[in-house]
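Residue-level structural notes
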Amino acid sequence: MQTPGAPVLSVKLTTTNKAMVYWTSPSSGYNLQANTNLVTTNWVTPVECITDNGTIKYIIVNPPTGNRFYRLKNP
């Protein structure tokens, strides 16, 4: 469920067959978190470096083994 006023988190495939997880910039106060299981509460900060080009913030992810879920969390 999308929180009203929160940036929209999107995913797209790159030309090198990696995933780009991205959202609008600026998006102060929101932190990207990842989890391998939506049933648990084990959300962690992903190890990938976040890039901000002034329009979007994004990470590039190699295809994972299994599932990986992402969310933007406002503490």
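Residues numbered from 1 in each chain as written. Predicted model: local features only at pLDDT ≥ 70, side-chain atom pairs only at ≥ 80, totals over all residues. Heavy atoms only, no water.

**Digging into the pairing of strand β2 (residues 19-24)**
For clarity, the threshold we go by: Pairs of strands are assigned from DSSP output, requiring at least two bridges between the strands. Helix and strand definitions here come from DSSP, where helices need a minimum of 4 consecutive H or I residues and strands a minimum of 2 consecutive E residues; each element is numbered from the N-terminal end.
In the sheet, strand β1 (residues 10-13) pairs with β2 via 4 bridges, with the strands oriented antiparallel. In the sheet register, Val 11 faces β2, and the bridge partner there is Val 21. The antiparallel pairing of β1 with β2 creates a hairpin that spans 5 residues between the two strands, and Asn 17 there sits at a positive phi of about 60 degrees. In terms of strand pairing, β2 meets strand β5 (residues 56-61) through 6 bridges, oriented antiparallel. Bridge pairing links Ala 19 to Val 61 in β5.

**Quick look at the pairing of β5**
The criterion, for reference: Burial status follows relative accessibility: with a 1.4 Å probe on protein chains alone, a residue under 20% of its type maximum counts as buried, one over 50% as exposed, and anything between as partly exposed.
A large share of β5 lies buried, amounting to 5 of its 6 residues. In this structure, strand β4 (residues 51-52) lies alongside β5, joined through 2 bridges in antiparallel fashion. Of the residues in β5, the one forming a bridge with Asp 52 is Lys 57. If you look at the hairpin formed by β4 and β5, you'll find 3 residues sitting between the two strands, and Gly 54 has a positive phi there, around 95 degrees.

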